[in-house]
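Chain residues, written in single-letter form:
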Amino acid sequence: MQLTHKYTKAQIDEEVTQLMELCGVEERLRLAYPHEMDGGRRQRVGIARALALNPEFIVCDEPVSALDVSIQAQVLNLLKELQQKRNLTYMFVTHDLSVVRHISNDIGVMYLGQMVETSESKELFVQHLHPYTKALLSAIPSTNIHSKQERIILKGEITSPINPKPRCRFAARCPYATPECSQPQHLEEILPNHFVSCHRCKEINNL
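Summarised in this report is the structure supplied together with it. (Residues numbered from 1 in each chain as written. Predicted model: local features only at pLDDT ≥ 70, side-chain atom pairs only at ≥ 80, totals over all residues. Heavy atoms only, no water.)

**Considering the packing of helix 1 (residues 9-23) against helix 2 (residues 39-51)**
Contact geometry of helix 1 with helix 2 gives a least axis separation of 9 Å together with a crossing angle of 130°. Classified by the angle between their axes, helix 1 and helix 2 sit oblique to one another. Judged by the sense of rotation from one axis to the other, the crossing of helix 1 with helix 2 is right-handed. Contacts between helix 1 and helix 2 involve Leu 19, Leu 22 and Cys 23 from the former and Arg 44, Ile 47, Ala 48 and Leu 51 from the latter. Taken together, the residues of the contact of helix 1 with helix 2 sort by class into six nonpolar, no polar and one charged. (Axes fitted to C-alpha atoms, helices over the stretch in contact; angles between N-to-C directions. Helix = DSSP H or I, 4+ residues; strand = E, 2+ residues; numbered from the N terminus. Parallel < 35°, antiparallel > 145°, perpendicular 65-115°, else oblique. Left-handed = near helix turned anticlockwise from the far one by under 90°. Contact = heavy atoms within 4.5 Å. Nonpolar A, V, L, I, M, F, W, Y, C, P; charged D, E, K, R; others polar.)

**A short note on the sheet that holds strand 3 (residues 106-111)**
Taken in spatial order, the four strands of this open sheet run 3-4-6-5, and their pairing is antiparallel. Strands with a single pairing partner mark the edges of an open sheet, and in this sheet they are strand 3 and strand 5 (188-191). Averaged over neighbouring strand pairs, the angle between their axes works out to 30° when direction is ignored. Its contacts with the sheet put helix 6 (residues 131-138) on strand 3 and strand 4 (114-120), and the angle it makes with strand 3 is roughly 105°. (Pairing = 2+ DSSP bridges.)

**With respect to the side chain of Thr 133**
Its place among the elements puts Thr 133 in helix 6. If near-sequence neighbours (up to four positions away) are discounted, Thr 133 is found in contact with Val 109, Val 116, Glu 117, Leu 124 and His 128.

**Considering the pairing of strand 2 (residues 89-93)**
Strand residues, when the strand is regular, have side chains that alternate between the two faces of the sheet. Of the two faces of strand 2, only the one carrying Tyr 90 and Phe 92 is buried; Thr 89, Met 91 and Val 93 on the other face are not. Two elements, strand 1 (residues 57-61) and strand 2, share five bridges in a ladder whose sense is parallel. Bridge pairing in strand 2 places Phe 57 opposite Thr 89. On the question of chirality, the crossover connecting strand 1 to the parallel strand 2 by way of helix 3 (residues 69-86) is right-handed. (Buried < 20%, exposed > 50% of the residue type's maximum accessible area, 1.4 Å probe, protein only. Right-handed = clockwise from strand over helix to strand, strands pointing away.)

**Description of the environment of Gln 72**
Position of Gln 72 relative to the elements: it lies in helix 3. The spatial distance from the C-alpha of Gln 72 to the C-alpha of Gln 43 is 10.0 Å, given a sequence separation of 29 residues. In contact with Gln 72, not counting residues within four places along its chain, are Val 64, Leu 67, Asp 96 and Val 99. Here Leu 67 takes part through its backbone oxygen, which lies 3.1 Å from a polar atom of the side chain of Gln 72. (Polar contact = N/O pair within 3.5 Å; in protein donor to acceptor, adjacent residues only side chain to side chain.)

Here it is in C-alpha cells:
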C-alpha cells in the first residue's frame, strides 16, 4: 500500500487494522516479527498482504503444505469465507488432494508441466480417466475399512523436464503406453466438460 502512494499513513493504519480483523490476526501481533508467530498466524498475515490491494484473482501456491491438519482446516475455511465476502477467484496449486477436493470447483491435473485431465472437482473424484490421475487418486488413504482400494504403483523412469519432447510425458511410466504415445497428445472432451489428454482414454475406460 505504501508503494502505491495512494494512501495516507492514517489510511494505511486503518486498512491494516481491518485486514488483521478480517484474517483473524490478533491486534497484539501488529508489530510482531515473523519468528514470533507460528505457521498459522504467518499464513494469515500472508493472506492479509495478498488482500491489501483488493485483488480479484489470487494464486495460492501450496498455501497450507507446511501446516498441521487442524491449522490447515482453519486457513482453508478462512480462504473460503474471504472468497465469498470479496468475490475472489483462486488458482490453488497443491499436491494435497484432500485440499483440492475441499477448496476447488474445477481441477486440472498436471504431470511434468503438461495438463493431462481437467473437470469439475466432484466429477474428477468419481470418474478419473487419465492413467496418471488414476494412480494419483489411488494414493489417497481411505477411512472406509470395508472398501479395499488397490494402490497403483508407478514404475519406470521419470521423463526429464529439461527440453521434453512433444509427446506424452507420462508414457515412460504408463502401463497402457503404445508407440502412438510418442506423438503429441491434446486435451479432448471425453465426457461433458471433462477433458483428457490420452489417445487411449476411451479404450482404457470402456467409453
